[in-house]
Amino acid sequence: MDGFLPTFTRRKLLPPTYREATWDKPVLRLGEPERVIIPLQDSPGTSYQVAVKEGEDVTAGQKIGVMGEAPASLSVHASISGTVEQIAALPHPLGFQAISLSIASDGKHETCECSPLKTGDRAGNGRKVLEGLQEMGIPLSYRHLMANDSRVSCLIINATEFEPYITSRHVLLKEHGNEVAAGLQVLMTACSVKQAVIVVENTHTALVEPLKRDGQGTVDIRVRGVTQPYPDTANWLLEDKFSPLKSNNKHGSAQGLMMSVDLSSLFAINNAWVSGLPFTEQLITIAGSAVRDPQNVWVKTGTPLSPIITHAGGDLSRVGRLVLGGPLMGIPQHTLAVPLIKKAKGLFAAVAFLVDEHRESRFYKQAPCVKCAKCVDVCPASLVPNTIADFVTNKLLNDAQEWGVFHCLECGLCEYSCPSRIPLLEIMRLGKVLLKGEDCLLGRNVFGALYG
Amino acid sequence: MENRLLVSSPPYIKNGETAHCLMFDVFIALIPVLAASIIFFGPRVLWNVFWGVSAAIGTEALIQIVFKVPAFKFRTFVYSLLTNDDIDVLDGSALVTGMLLALTLPPSSPFWMPMIGSFIAIAFGKQVFGGVGYNIFNPALIGRAFLLAAWPGKATAWTAPISWEAWAQSLSLNPSSWIVDGVSTATPLALLKLQNETTPLAELLFGTTAGSLGETSALAILIGGGYLLYKGTVTWHIPFSYIGTAFLLSLLLGQDPLFHVFAGGLLFGAFFMATDVVTSPVTKLGRIIFGSGAGVLTIVIRVFGGFPEGVCYSILLMNAVTPLIDRYTKQLPQSAARSSLTGESFTPKG
Ligand code: SF4
Ligand code: SF4
């Protein structure tokens, strides 16, 4: 009856952050898994090259393939040492069968010889450094960087933690703020960008202090405090709101491109710069009702999800729902065999019950929209979700487009707050897919390594 | 055998709220208003409200049984009513409609007036449009407008608040004393219009004037409205723009602005009628336009029109243009000018 009986507490439109569960815990490192699965494709049909053969021995950090096409390609590295078992189409977290390499660990923890970018002959040349980062498998939007080098004139860093339960981004800043700051310096020098904007919650501005401190001098790093976190997909919105480029001329046409960068990428850039390590390890939060011990943990890229859940005290047979990402915009998984991919920040495992529709309380079933405007008030993109959903369900797709269905960030807040339990986010996505096909789904693309 | 995982579209968390909460919040906010009118007009207020609410719920149940559930099992009437998925009479919207309607009638109205009003409100104000969420006009106001047109005399037979002796007497066991009729008198707005007589502000604020059951005590309405605002059931946009516009316009027209705000049904309309979620615009700018439009219409009707009171018609008129307001105030971010409208820029492949 939760939600049926009136309460006197103030109605909250935004979900609580639940950060207490994982925020203060020590950050552990997951032991080497028996096997990693490393996808070479990012979406169905991405081109790829394999640099190793089945049965070959690889060391951790060895380049095993290339994903995508030059100039926007990305090298792929083995994250553990061992033997390449097979190269085949295996389930990918984004819901298709991707050509992947599966590597069985030999337990030797051999690391390949790697030379730091700092000392190489590339150091002076920005373009060469970027190519080096590409070689290191760090997901950035190389399309922008390589094609329109000069037009990118500002970096935007979303340091807000949008997903409830997930804290990995803030923990990364807390534990490794200086490394992230150094990575930012490297990137800004490499693509000769003078300005950067860091968006962070007002309550956590202390976390980005190191980034700002380093910036004093040649480059201009601004911190913008916000009250409400922004989703990862909010690139155009952040650009609109926080662009320092636009404030120069009143008419609003930006004079350059802004490029958004991930904090985890910045950290990886620093690693590559200082010690030459490719991107093979990432910090994720694992949370949800199915794990006993939610926490932040360093995990090798490509680790299948089951050892991560077991590590956090989860019973694999009790997991009913598994989501890569957070509970608001994550990607649902249908099998535990999928690997962790580079852009994932969290893993949300929940015990789910397969609810028989008729057993559910009838107050919780979907009801007609009462136009309460909760979804409108909460939408970060200032859309009118209820009307767009009406258009999409009635197949008036052109109207839906006119009302801005493509501005939807797929953040899920509207559906979270809708008292009529209308699956608004699902309808928004349906509208996008019906109009332009699946390639335009932001919520999926943001997990792709090649997306920028 | 690997266990099966549930796959569905995100989000996977939900605030545990249902549309019932909104309705019951309004119900709670109406309690101080109801209490004030019981204090001023005697216990028979409850009698009227009871009939209004029962008629509203009964009409809704009947219409839904007849038109939506052909296989309704009358033998287990209550059980079927409670468990059938197609009947949402318990969602509280009929309750609120009936209560709002009863509170807009004069204290002396006979018990069948709220009944008929509720019937019209639910049947012709709501169910003909397809039920909750689809109606264009505020059902309670439809009911009230109908009563005003059908029984103009009875619907405007205002009486003064009853005396304490009469209140005490009406509590006795003798049924004939339950219904106390106050001395008939005119509302402050009618006094102003017809006799150019103003009522002191303190009386308006406290509620010791003639008027509809719910609208006399500004204080009680402000308490209820404050609860709605605090709880987040309604946003400030509609009530504040409504009251603010009425205030400014009456100031411009050389009237006493405070009198116009506190007299008559303006506060009641601004907090309880205009904010009805279904019939008000969804965009923020739209809500402000809606409130201001209703404010302008109210003062225009009051000052220039033939009726002393204009709240009911002003809100109904603005209800009619709500879809239009929504259409023209849709918020589109600036970058609409950029290629994002077509979705092209979101394709990931380089
Ligand atoms: S879609 Fe849901 S949240 Fe939005 S106006 Fe309708 S009922 Fe309210
Ligand atoms: S429409 Fe819903 S999912 Fe899309 S941006 Fe707005 S709140 Fe988020």
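All of these numbers come straight from a predicted model, not from anything done at the bench.

**Side note on the overall build of chain B**
Then comes step 1: Regarding its fold elements, chain B presents 16 helices and 0 strands.
Then comes step 2: The buried share of chain B, taken over its 350 residues, is 56%.
Then comes step 3: Put simply, 74% of the contacts in chain B that link residues at least 6 apart link residues at least 24 apart.
Then comes step 4: For chain B, the computed accessible surface area is about 14800 Å², with 71% contributed by carbon and sulfur atoms.
Then comes step 5: Of the charged side chains in chain B, 18 are positive and 18 negative; the average position of the first set lies 9 Å away from that of the second.

**Section: the site of ligand 2**
Then comes step 1: Neighbouring ligand 2 are Cys379, Pro380, Pro385, Cys408, Leu409, Glu410, Cys411, Gly412, Cys414, Leu425 and Met428 of chain A.
Then comes step 2: Each residue belonging to the shell around ligand 2 can be placed in one class, and the counts come to 9 nonpolar, 1 polar and 1 charged.

**Looking at the packing of helix α2 (residues 44–68) of chain B against helix α4 (residues 93–103) of chain B**
Packed helices, taken two at a time, are described by their axes: the angle between them and the distance between them.
Residue and element names in this part refer to chain B.
Then comes step 1: Contact pair α2 / α4: the axes reach a minimum separation of 8 Å and the direction vectors enclose 140°. With respect to their mutual orientation, α2 and α4 come out oblique. Remark: the crossing between α2 and α4 carries right-handed chirality. In this structure, α2 uses Asn48, Val49, Gly52, Val53, Ala56, Ile57 and Glu60 to contact α4, whose residues at the interface are Ser93, Ala94, Leu95, Gly98, Met99, Ala102 and Leu103.

**Overview of the pairing of strand β7 (residues 82–92) of chain A**
All names here are of chain A.
Then comes step 1: Bridging between strand β4 (residues 57–58) and β7 involves 2 bridges; their strand directions are antiparallel. By the bridge assignment, aspartate 57 is partnered in β7 with threonine 83.
Then comes step 2: The hairpin turn running from β7 into strand β8 (residues 96–105), its antiparallel successor, is 3 residues long, and glycine 95 in that turn takes a positive phi close to 90°.

**What about the pairing of strand β6 (residues 74–77) of chain A?**
Residues and elements named next belong to chain A.
Then comes step 1: Both faces of β6 are covered, namely the face carrying Leu74 and Val76 and the face carrying Ser75 and His77.
Then comes step 2: As paired elements, strand β5 (residues 63–67) and β6 share 4 bridges and run antiparallel to each other. Across the sheet, lysine 63 pairs through a bridge with histidine 77, a residue of β6.
Then comes step 3: Taken together, β5 and the strand that follows it, β6, pair antiparallel across an intervening segment of 6 residues, in which glycine 68 is found at a positive phi of about 85°.

**Topic: the site of ligand 1**
Then comes step 1: If you check the shell around ligand 1, you find 13 residues, and the closest are Cys369, Cys372, Ala373, Cys375 and Cys418 of chain A.
Then comes step 2: The class makeup of the residues in the shell around ligand 1 is 9 nonpolar, 2 polar and 2 charged.

**Things to note about a nonpolar patch on the surface**
Residue and element names in this part refer to chain B.
Then comes step 1: A surface patch of nonpolar side chains, amounting to about 580 Å² of accessible area, comprises Phe119, Phe124, Val128, Phe129, Tyr134 and Ile136.
Then comes step 2: Along the chain, the position of phenylalanine 129 falls in the loop between α5 (112–125) and α6 (139–150).
Then comes step 3: Since its relative accessible area comes to 31%, phenylalanine 129 is described here as partly exposed.

**Side note on the pattern of salt bridges**
Residues and elements named next belong to chain A.
Then comes step 1: One pass over the structure, following the stated rule, counts 17 salt bridges over all chains.
Then comes step 2: Aspartate 293 is the salt-bridge partner of lysine 25, the closest N and O atoms lying 3.0 Å from each other. Taken together, the residues lysine 25 in the loop between α1 (20–23) and β1 (28–29) and aspartate 293 in the loop between β13 (281–287) and β14 (295–300) connect sequence positions 268 residues apart.
Then comes step 3: Judged by its relative accessible area of 29%, lysine 25 is partly exposed.
Then comes step 4: On the accessibility criterion, aspartate 293 (34% relative accessible area) is partly exposed.

**Remarks on the domain arrangement of chain A**
All names here are of chain A.
Then comes step 1: Under the domain assignment used here, chain A contains domain 1 (35–105), domain 2 (120–274), domain 3 (281–354) and domain 4 (365–451).
Then comes step 2: Taken together, the contacts link 10 residues of domain 2 with 11 residues of domain 4.
Then comes step 3: Approximately 960 Å² of surface area, both sides summed, lies buried where domain 2 meets domain 4, with 69% of it carried by carbon and sulfur atoms.
Then comes step 4: Three residues stand out in domain 2 for area buried against domain 4, namely Phe162, Thr233 and Trp236, and they jointly supply 49% of the buried area on that side.

**Some remarks on α6 of chain B**
Structural remark: α-helix, 3.6 residues per turn; residues separated by three or four positions point the same way.
All names here are of chain B.
Then comes step 1: With 12 residues, α6 should cover 16 Å at 1.5 Å per step; its first-to-last C-alpha distance of 16 Å lies within 8% of that length.
Then comes step 2: Among the 12 residues in α6, 9 count as buried, and that is most of the element.
Then comes step 3: Between the side-chain oxygen of the N-cap and the backbone nitrogen of alanine 140 there are 3.2 Å, and the N-cap of α6 in question is asparagine 138.

**Let's talk about the sheet that holds β1 of chain A**
Residues and elements named next belong to chain A.
Then comes step 1: Overall, mixed pairing links the 6 strands, which are arranged β1-β14-β13-β17-β15-β16 in an open sheet. Edge positions in the open sheet fall to β1 and β16 (331–333), since each of these has one partner strand only.
Then comes step 2: Two elements, β13 and strand β17 (residues 346–350), share 3 bridges in a ladder whose sense is parallel. Bridging across to β17, isoleucine 286 finds its partner in leucine 347.
Then comes step 3: Across the sheet, helix α4 (residues 168–190) lies against β13 and β14, angled at about 130° from β13, the strand it touches most.

**A look at the nonpolar core**
For soluble globular proteins, nonpolar side chains are generally found buried alongside one another.
Then comes step 1: Core analysis: the largest hydrophobic core is formed by 66 residues, its most contacted members being Leu103, Phe268 and Phe272 of chain B.
Then comes step 2: Beyond its immediate stretch of four places on either side in the chain, leucine 103 of chain B contacts Leu30, Val33, Leu34, Ser37, Val49, Ser212, Leu213, Gly214, Glu215 and Phe268 of chain B.
Then comes step 3: Counting residues in each nonpolar core, the second largest holds 44 residues, with Val171, Leu187, Met259 and Trp298 of chain A among its members.

**Observations concerning the sheet that holds strand β2 (residues 35–39) of chain A**
Sheets are built from strands that pair by backbone hydrogen bonding, the pairs being arranged parallel or antiparallel.
Then comes step 1: Taking strand neighbours across the sheet as the criterion, the 4 strands line up as β2-β8-β7-β4 (chain A) in an open arrangement whose pairing is antiparallel. Each end of this open sheet is capped by a strand with a single partner; those strands are β2 and β4 of chain A.

**Focus on empty space enclosed by the protein**
Residue and element names in this part refer to chain A.
Then comes step 1: Under the definition given, this model contains 9 cavities of 30 Å³ or more.
Then comes step 2: The space that makes up the largest cavity amounts to roughly 480 Å³.
Then comes step 3: Around the largest cavity, the lining comprises 31 residues; the ones closest to its centre are Arg169, Asp232, Asp262, Lys345 and Val446.
Then comes step 4: Of all the secondary-structure elements, those providing two or more residues to the lining of the largest cavity are β9 (152–158), α6 (235–242) and β12 (257–261).

**Structural notes on the packing of aromatic side chains**
A ring pair, where both rings are aromatic, is described by two values, the distance of the centres and the angle of the planes.
Then comes step 1: Tallying each qualifying case throughout the model produces 13 aromatic pairs over all chains.
Then comes step 2: Each residue in the set Trp47, Phe50, Trp51 and Phe111 of chain B is aromatic and connected to the rest through ring pairs, giving one cluster.
Then comes step 3: When the ring centre of tryptophan 23 of chain A is taken as origin, the NZ or CZ atom of arginine 19 of chain A, which lies over that ring, is 4.3 Å away.

**Thoughts on the confidence of the model for chain B**
Then comes step 1: Residues at a pLDDT of 70 or more form 90% of chain B, whose mean pLDDT is 84.
Then comes step 2: Across the interface, the model reports ipTM at 0.84; the global pTM reads 0.87.

**Points about unusual backbone geometry**
Then comes step 1: Cis peptide bonds are those with omega within 30 degrees of zero, and the linkage from proline 10 of chain B to proline 11 of chain B qualifies with -5°.
Then comes step 2: Here proline 11 of chain B shows up in the segment before α1 (19–41).
Then comes step 3: Despite not being glycine, arginine 421 of chain A shows a phi value in the positive range, around 60°.
Then comes step 4: As for its position among the elements, arginine 421 of chain A is in the loop between α12 (413–417) and α13 (424–436).

The rules we used
- Residues numbered from 1 in each chain as written.
- Chains lettered and ligands numbered in written order.
- Predicted model: local features only at pLDDT ≥ 70, side-chain atom pairs only at ≥ 80, totals over all residues.
- Heavy atoms only, no water.
- Helix = DSSP H or I, 4+ residues; strand = E, 2+ residues; numbered from the N terminus.
- Buried < 20%, exposed > 50% of the residue type's maximum accessible area, 1.4 Å probe, protein only.
- Contact = heavy atoms within 4.5 Å.
- Areas by Shrake-Rupley, 256 points an atom, 1.4 Å probe, with all protein chains shown as cover.
- Lys, Arg positive; Asp, Glu negative; His and termini not counted.
- Charge placed at Lys NZ, Arg CZ, Asp CG, Glu CD.
- Near = heavy atom within 4 Å.
- Nonpolar A, V, L, I, M, F, W, Y, C, P; charged D, E, K, R; others polar.
- Axes fitted to C-alpha atoms, helices over the stretch in contact; angles between N-to-C directions.
- Parallel < 35°, antiparallel > 145°, perpendicular 65-115°, else oblique.
- Left-handed = near helix turned anticlockwise from the far one by under 90°.
- Pairing = 2+ DSSP bridges.
- Patch = residues over 30% accessible without salt bridge, like charges linked within 9 Å, V, L, I, M, F, W, Y side chains within 5 Å.
- Salt bridge = Lys/Arg side-chain N within 4 Å of Asp/Glu carboxyl O.
- Domains from an automatic or database assignment.
- Buried area = accessible area lost by both parts, 1.4 Å probe.
- Expected span 1.5 Å × (residues − 1).
- Polar contact = N/O pair within 3.5 Å; in protein donor to acceptor, adjacent residues only side chain to side chain.
- Core = buried A, V, L, I, M, F, W, Y, C linked by side-chain atoms within 4.5 Å.
- 1 Å grid on protein atoms, 1.4 Å probe; cavity = no way out; pocket = protein on both sides within 12 Å on 5 of 7 lines; lining within 4 Å.
- Points joined across faces, edges and corners; volume = space filled by probe spheres on them.
- Phe/Tyr/Trp six-rings, centres within 6.5 Å; stacked < 30°, edge-to-face > 60°.
- Lys NZ or Arg CZ within 6 Å of the ring centre and 35° of its normal.
- pLDDT = per-residue confidence, 0-100.

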